[in-house]
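Residue strings, one per chain:
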Amino acid sequence: MENLRLVILGRQGSGKGTQCMRLSESYGTIHISTGDILRAAVETQTELGKKAKLIMDAGDLVPDEIINGIVAERIEMKDVLENGFILDGYPRTSAQAQALEGELLSKGLSLDLAINLEVPVDEVTQRMLDRSRADDTEEAITRRLEIYENETAPLLKWFEERNNLVVVDGLGTEDKVFSRLQNVVNGVINGK
Ligand code: ADP
């Protein structure tokens, strides 16, 4: 089993969630989805969930301090320390990217790779309208994509500058995209 530490970036609707689950199954790495963590908190109506619900429904981002705390706690749990992680939906802002870097550094760890699952805006908009998740109203979708371009897309450059970014084409069948991702991840493993 490989102790991989990966970040998957990509627009909403790029298929990140599904692909991360498959990667997690196939490599034994822990899938950490901040969206799933928040949705679970909303579901069980914890304090966090109550705060997050309105923000998520509007398509806005939950404040950095809250998300940074959640991820910092999760990545120091035993299962993640032992098996590595695939971060899905985090980091999304430069403050989050810096926090992650600091967290890992303080544990003597580093990121193996950030992967950008590239799917054009028109395609992801259509996919999101088709999947009809509760927070996928047309306004919220537009808002989320706008935030992605403004806040998250600049992170691609950030990881690129650290020689830590690979772009994977997210168009095509789920299996095809998965095999592209496997090629990249196998490359990381062989280079370790
Ligand atoms: P999507 O990629 O469609 O936005 P996610 O499941 O990743 O779906 O996230 C759902 C919502 O949860 C986001 O719209 C946002 O409100 C919140 N969220 C998830 N991850 C983060 C994060 N890293 N920072 C701030 N808010 C987040």
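Residue indices follow the written sequence of each chain, beginning from 1 at its first position. Totals for whole chains, interfaces and linings use every residue, but because this is a predicted model, local features are given only for residues with pLDDT of at least 70 and side-chain atom pairs only at 80 or more, for both listing and counting. Side-chain measures here rest on the full set of heavy atoms in the structure, leaving out hydrogens and waters.

*Asks:* What is the right way to read the sheet that holds strand β2 (residues 30-33) from this model?
*Replies:* Through backbone hydrogen bonds, the strands of a sheet pair up, either in parallel or in antiparallel fashion. Only strands joined by at least two bridges in the DSSP assignment are considered to pair. Secondary structure elements are taken from DSSP: a helix is a run of H or I of four residues or more, a strand is a run of E of two residues or more, and numbering for both begins at the N terminus. Read across the open sheet, the 5 strands follow the order β2-β3-β1-β4-β5; overall the sheet is parallel. The strands lining the two open edges of the sheet, one partner per strand, are β2 and β5 (165-169). Looking at each pair of strands side by side, their axes are set apart by 25° on average, direction ignored. For every element, the axis is a line fit to its C-alpha atoms; helices are fit only across the contacting stretch, and the angle between N-to-C directions ranges from 0 to 180 degrees.

*Asks:* How do you make sense of the environment of Gly84 when you look at a structure like this?
*Replies:* Mapped onto the elements of the fold, Gly84 is located in strand β3 (residues 84-88). In this structure the C-alpha to C-alpha distance between Gly84 and Thr125, which are 41 residues apart in sequence, comes to 32 Å. Any pair of residues with heavy atoms lying within 4.5 Å of one another is described as a contacting pair. Setting aside its immediate chain neighbours within four residues, Gly84 contacts Asn3, Leu4, Arg5, Thr29, Ile30 and Asp79.

*Asks:* Explain helix α2 (residues 34-43) to me, please; I cannot follow it from the model alone.
*Replies:* One full turn of an α-helix is made of 3.6 residues, so residues set three or four places apart face in the same direction. We call a residue buried when its accessible area falls under 20% of the maximum for its residue type, exposed when it is over 50%, and partly exposed in between, using a 1.4 Å probe and counting protein chains only. Looking only at α2, the buried set comprises Thr34, Gly35, Leu38 and Ala41. Projected down its long axis, α2 carries its buried residues within an arc of 125°, all on one side. Elements in contact with the buried residues of α2: β2, α3 (47-58), α4 (64-75) and β3. Remark: Gln45 follows α2 within two positions and exhibits a positive phi of approximately 55°. What the arc measures is the spread of directions leading from the helix axis to the C-beta atoms.

*Asks:* Quick question: what am I supposed to make of the pattern of salt bridges here?
*Replies:* Should their charged atoms come close, side chains of opposite charge can pair. Throughout this description, the term salt bridge denotes a Lys or Arg side-chain nitrogen within 4 Å of a carboxyl oxygen of Asp or Glu. Enumeration according to the criterion identifies 21 salt bridges in this entry. A salt bridge links Arg74 to Asp79; its shortest N-O distance comes to 2.9 Å. For Asp79, a relative accessible area of 28% corresponds to the partly exposed category. A salt bridge links Lys157 to Glu161, with the nearest nitrogen and oxygen atoms 3.5 Å apart. With Lys157 and Glu161 both in helix α9 (residues 154-161), this residue pair falls 4 residues apart, about one helical turn. Across the pair, exposure class does not vary: Lys157 and Glu161 are exposed alike.

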